[in-house]
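Here are the chains, one letter per residue:
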Amino acid sequence: RPLVAALQQCADGADGRELTVAVEALEEVVKRIGLTNFGFFFAREAMSELGFKVASQGEAPPAWAKEARAMAKEHMEEWRIPGTENILVVVSYEAWYQGKSLSKELTLVPSSFAEGVHDEVKAMLRPVDARGWSCESYSERVALLELLEA
């Protein structure tokens, strides 16, 4: 599980390396093994290993997940072959740091070029894709950049 290990090093910096070194190591792993995503089944396992709370298989989804799916279905109107322009992220978060909080209600984020996000913030999250494709406008990257900008 080299990709999960590289992601974990970025998350916790347990080996004392600078974050940029850990991100470069992640980029090297992505390019070396050519893995651009975990897929539906392994994403659950990988996210769990990284410390995310993941619902058990067969467990009813929480209310926010049902609401997120409905929001995405309403936006798409009909099923389409997945592609950059029609892959969406529905995001909501609550984050706390040193007594301060930041939250966002459930919001749909389509693919775009993260308008309104400063270039310095965009530089924090390099578009890494082992296939050599630009993932600059991927909706999941845009959603994370918007969180970082906040």
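That block above? That's the structure.
To start, this report covers the structure provided alongside it. (Residues numbered from 1 in each chain as written. Predicted model: local features only at pLDDT ≥ 70, side-chain atom pairs only at ≥ 80, totals over all residues. Heavy atoms only, no water.)

### What about the overall build of the protein?
Just so we agree on the cut-off: Where helices and strands are cited, they refer to DSSP runs of H or I of at least four residues and of E of at least two residues respectively, numbered from the N terminus. Both definitions apply: the radius of gyration is a C-alpha atom measure, and the globule rule equals 2.2 Å times residues to the power 0.38. Note on exposure labels: buried denotes an accessible area under 20% of the residue type's maximum, exposed denotes more than 50%, and partly exposed covers the range between, all computed with a 1.4 Å probe on protein chains only. The contact definition used throughout considers only heavy atoms, calling two residues in contact when any of these lie within 4.5 Å.
Per the secondary structure count, the protein includes six helices and two strands. Relative to the compact-globule value of 15 Å for 150 residues, the protein shows a C-alpha radius of gyration of 16 Å, a close match. For the protein, the spread of C-alpha atoms along the principal axes amounts to about 45 × 40 × 35 Å. Of all 150 residues assigned to the protein, the portion counted as buried reaches 23%. The long-range fraction of contacts in the protein, counting pairs at least 24 apart against all pairs at least 6 apart in sequence, stands at 52%.

### Let's talk about helix α4 (residues 63-76)
Formally: Multiplying 1.5 Å by the residue count of a helix minus one yields the expected span of that helix. The arc in question is the one spanned by the directions pointing from the helix axis to the C-beta atoms.
The terminal C-alpha atoms of α4, which comprises 14 residues, lie 20 Å apart, in line with the 20 Å expected from a rise of 1.5 Å per residue. Along α4, the residues that are buried comprise Ala-65, Ala-68 and Met-76. What you see down the axis of α4 is that its buried residues fit within an arc of 65°, all on one side. When the buried face of α4 is taken as reference, the exposed residues oriented beyond 90 degrees from it are Ala-63, Lys-66 and Glu-74. Next to the buried residues of α4 lie β1 (89-97) and β2 (100-109). A positive backbone phi angle near 70° is found at Glu-77, which sits one or two residues after α4.

### Quick look at the nonpolar core
A general trend in soluble globular proteins is that nonpolar side chains are found buried together. As a reminder, the rule being used: What is meant by a nonpolar core is a set of buried Ala, Val, Leu, Ile, Met, Phe, Trp, Tyr and Cys residues, joined one to another through side-chain atoms within 4.5 Å.
Counting ten residues, the largest nonpolar core consists of Val-89, Val-91, Tyr-93, Val-109, Ala-114, Val-117, Val-121, Val-142, Ala-143 and Leu-145. Listing elements by their share of this core, those giving two or more residues are β1 and α6 (139-149). Those residues in contact with Val-91 that sit more than four places away from it in its chain are Glu-105, Leu-106, Thr-107 and Val-109. Counting seven residues, the second-largest nonpolar core is a separate cluster that includes Leu-3, Ala-6, Cys-10 and Val-30.

### Overview of the pairing of β1
We apply this condition: Note on pairing: DSSP must find at least two bridges between two strands before they are called paired.
Note: β1 against β2, eight bridges, orientation antiparallel. If you follow Val-89 over to β2, its bridge partner there is Val-109. Linking two consecutive strands that pair antiparallel, namely β1 and β2, is a turn of two residues; a positive phi of about 50° is found at Gln-98 within it.

### Describing a nonpolar patch on the surface
Note the threshold: The patch calculation keeps residues exceeding 30% relative accessible area without a salt bridge and links them within 9 Å when they carry like charges or within 5 Å when they are nonpolar (Val, Leu, Ile, Met, Phe, Trp, Tyr). Throughout, the Shrake-Rupley method with a 1.4 Å probe supplies accessible areas, and for residues the shown protein chains are the sole cover considered. Salt bridges are counted wherever a side-chain nitrogen of Lys or Arg sits within 4 Å of a carboxyl oxygen of Asp or Glu.
A grouping of Phe-40, Phe-41 and Phe-42 is seen on the molecular surface, where their side chains present a nonpolar patch of about 400 Å² in accessible area. Checked against the element boundaries, Phe-42 lands in helix α3 (residues 39-49).

### Quick look at the pattern of salt bridges
In this structure the tally under the stated criterion is two salt bridges. Here Glu-27 makes a salt bridge to Lys-31, at a shortest N to O gap of 3.5 Å. Here Glu-27 and its partner Lys-31 are both found in helix α2 (residues 19-33), four residues apart, which amounts to about one turn of the helix. Of the charged contacts in the structure, one is a salt bridge between Arg-32 and Glu-28, with a shortest N-O distance of 3.9 Å.

### As for unusual backbone geometry
Here Glu-77, not a glycine, exhibits a phi torsion of approximately 70°, which is positive. Looking at where Glu-77 falls in the secondary structure, it is placed in the loop between α4 and β1.

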